[in-house]
Amino acid sequence: MDNSKAITVENFNVLFNGDRTKHLHVLENISFDVKNSSFVSIIGPSGCGKSTLFRLISGLPTKDSCEIGGKIRIYGRKPETASKNRDLGLILQKPTLLEWRTVAENIELPLEIMGYQKEKRGKIVTKLLNSMDLTPYSHYRPSELSGGMQQKVSIGRALAYNPKLLLMDEPFAALDEVNRRRMNNEIINIWKEMNKTILFVTHNIQEAVYLSQKVIVLSKKPSTVYKTVEIDLKYPRNEVEGCSKYFKYIKEIREYLNEASN
Amino acid sequence: MNALRKEKNKEREKRPTRSFFLNKSIKKILIYLFLLITLLTIWQILLEYFDIPKRIAPKPSDLFNFITKEFFIPHSQGYQNILVKSLFSLRDALLGFLISLILGSLIGIVIFKNTYIYSILFPFLFLTQLIPVPALAPIVATLLGYGFFTKIFLIVLFCIFSVVVSVRNTLINLPENYTLLLHSYSPSRKEFLKYLLLPSLVPTLLSTMKLLCSGSIVASIITELPLSVKTGIGKDIYNSFNNQIIPRVWVSTMLISIISLLFFICISKFEKYINKKYRYGQF
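Calculation criteria
Residues numbered from 1 in each chain as written. Chains lettered and ligands numbered in written order. Predicted model: local features only at pLDDT ≥ 70, side-chain atom pairs only at ≥ 80, totals over all residues. Helix = DSSP H or I, 4+ residues; strand = E, 2+ residues; numbered from the N terminus. Rg over C-alpha atoms; globule rule 2.2 N^0.38 Å. Buried ≥ 20, exposed ≤ 12 C-beta atoms within 10 Å, placed from the backbone. Contact = placed C-beta atoms within 7 Å. Nonpolar A, V, L, I, M, F, W, Y, C, P; charged D, E, K, R; others polar. Domains from an automatic or database assignment. pLDDT = per-residue confidence, 0-100. Axes fitted to C-alpha atoms, helices over the stretch in contact; angles between N-to-C directions. Parallel < 35°, antiparallel > 145°, perpendicular 65-115°, else oblique. Left-handed = near helix turned anticlockwise from the far one by under 90°.

### Some words on the overall build of chain B
- What chain B contains, in helices and strands, is eleven helices and zero strands.
- Helices and strands in chain B line up, N terminus first, as α-α-α-α-α-α-α-α-α-α-α.
- For 283 residues, the compact-globule estimate of 2.2 N^0.38 gives 19 Å, and chain B exceeds it by more than 25% at 26 Å.
- Expressed along its principal axes, the backbone C-alpha trace of chain B runs to roughly 80 × 75 × 40 Å.
- Out of the 283 residues in chain B, the part that is buried amounts to 28%.
- Within chain B, counting contacts between residues at least 6 apart in sequence, those at least 24 apart form 76% of the total.

### Remarks on the interface of chain B and chain A
- In this assembly, 17 residues from chain B lie in contact with 16 residues from chain A.
- Of all the secondary structure elements, the ones that give two or more residues to the side of chain B that touches chain A are α8 (176-184) and α9 (189-224) of chain B.
- Ranked by residue count, the leading element in the side of chain B that touches chain A is α8(B), at six residues.
- Tallied by class, residues from the side of chain B that touches chain A come to ten nonpolar, five polar and two charged.

### What to know about the domain arrangement of chain A
- The domain architecture assigned to chain A consists of domain 1 (5-87 + 167-261) and domain 2 (98-162).
- Taken together, the ten residues of domain 1 of chain A in the interface contact eight residues of domain 2 of chain A.

### Some thoughts on the confidence of the model for chain B
- When pLDDT is averaged along chain B, the result is 90; 93% of the residues meet or exceed 70.
- With pTM at 0.86, the complex prediction returns an ipTM value of 0.90.

### Observations concerning the packing of helix α6 (residues 133-144) of chain B against α9(B)
All names here are of chain B.
- Relative orientation of the contacting elements α6 and α9 amounts to 55 degrees, with a least axis distance of 9 Å. By the criterion of interaxial angle, the relationship of α6 to α9 is oblique. Crossing angle aside, the handedness with which α6 passes α9 is right-handed. Facing V133, P134 and A137 of α6, the residues of α9 in contact are A219, I222 and T223.
- Residues of the contact of α6 with α9, tallied by class, amount to five nonpolar, one polar and no charged.

### A few points about unusual backbone geometry
Residue and element names in this part refer to chain A.
- In this model, K221 is joined to P222 through a cis peptide bond whose omega is -10 degrees.
- The residue P222 is located in the loop between β8 (214-218) and β9 (225-230) in this model.
- Residues Y235 and P236 are joined by a peptide bond in cis, for which omega reads 0 degrees.
- Mapped onto the fold, P236 is located in the loop between β9 and α8 (244-261).
- The phi dihedral of N11 falls on the positive side, at around 40 degrees, and the residue is not glycine.
- Counting through the fold element by element, N11 comes out in strand β1 (residues 5-16).
- Classification of N11 as exposed rests on a count of 11 C-beta atoms within 10 Å.
- Residue D133 is not a glycine yet carries a positive backbone phi of 55 degrees.
- Relative to the helices and strands, D133 resides in the loop between α4 (118-131) and α5 (147-159).

What follows is the structure in structure tokens.
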């Protein structure tokens, strides 16, 4: 087992055999690696199968009409096993918070399911609330928070059981520009401070360049890895945001995306 | 301190006081009372004017006389007035209501989880809804006897379908992101039920309870007719009708309506309280 690789995707193919989507080839020979402790983004045209790939890497159940070929490994294990082993934390497009639980109780949810002792749960939740500046909102209901705060809680919930890998599916897509940038900085801080590996799915080129060390560009259906761009920029990225190299990456990825969409 | 108190009193004096007639709920009650009295008066005048006999339509005064006799004049020992009989029917309705709710939820969850069981069980459940309870009652009674258990069984049969369907529909329509999120924590079936399915079902069950409260009372009354249950308002209405005691039939019907209404109000208040306080199933 290669410990330097958090995710390995090899010759991965997905074919849908639905009533209306007969033999729809969604993903074709997708191969890429995500190194341990790295921040990688996946970007691609709308409907190219980013979310399908995300779902399969997360080990979530797929539709019965879905045929899968190739292999995905998370720290050398199958995604389902890695998920059971608490190796991965999910952050979805919508915050997906339970309205009948408070902010603190939402963060506590995975710990409760995973059978942590009450005392230990309390300590972890208090620590997370403090580190994410959520303590004043601990007794709030999710609907009483803004969209950005809700997503922050969902990140806290994913971090609660300390997974090595965070999988994020367009988590900030619904946020305005100011909040999105604030959350981008927060996620970079979490990645650096907690030494996580992050796979970030997005359709926003600027966000991908701002956050990642590597951007994987997918083509339209049947989706293949069109290009991989290594982002050689220092962190914190807000200091290099205005430099020409930063814009060069954005331009380069935009061109790749245009080519991949045609 | 005194200055503070004086200021507070001044503030209180400044606040506009609510006049008695501005209180909405009192106003509403007064309007209802006025309408009721007007209706009863018109009813009394019309029946007297057209000289309609009591066996066709009793006057409000006949109903009032019956109520006085039934509730305020002492009867022989062992006599059950219509309120007691109604409460017996209500007890059975409540029992059927609870069983339908619990059993219906269980069946709804099972057929949501297992499509095979759904395909086998659902046609049978649907068939029970096609046959009216009074028609089904004699068949069930010959199998299970003419007593209490058959009555409860029939009430459950009458009510359970709506619970099963609404539970299954709610679970089918659960937002996918919530089920995916829970899956990512690899929960056991019990945990999945505890953390997502049951809380999501609360609003559905509460609104289904509102439907069931009248349904179970109707079923309780209807099932008394073909069965040999001794106590119950349904049987009493049937016997009173056969003996041409029409004011008794009218008052009994009104009493059932009032009981159903009160039951409905209680469930509505309960629903409002739970939904507001706990916010279960709100996505």
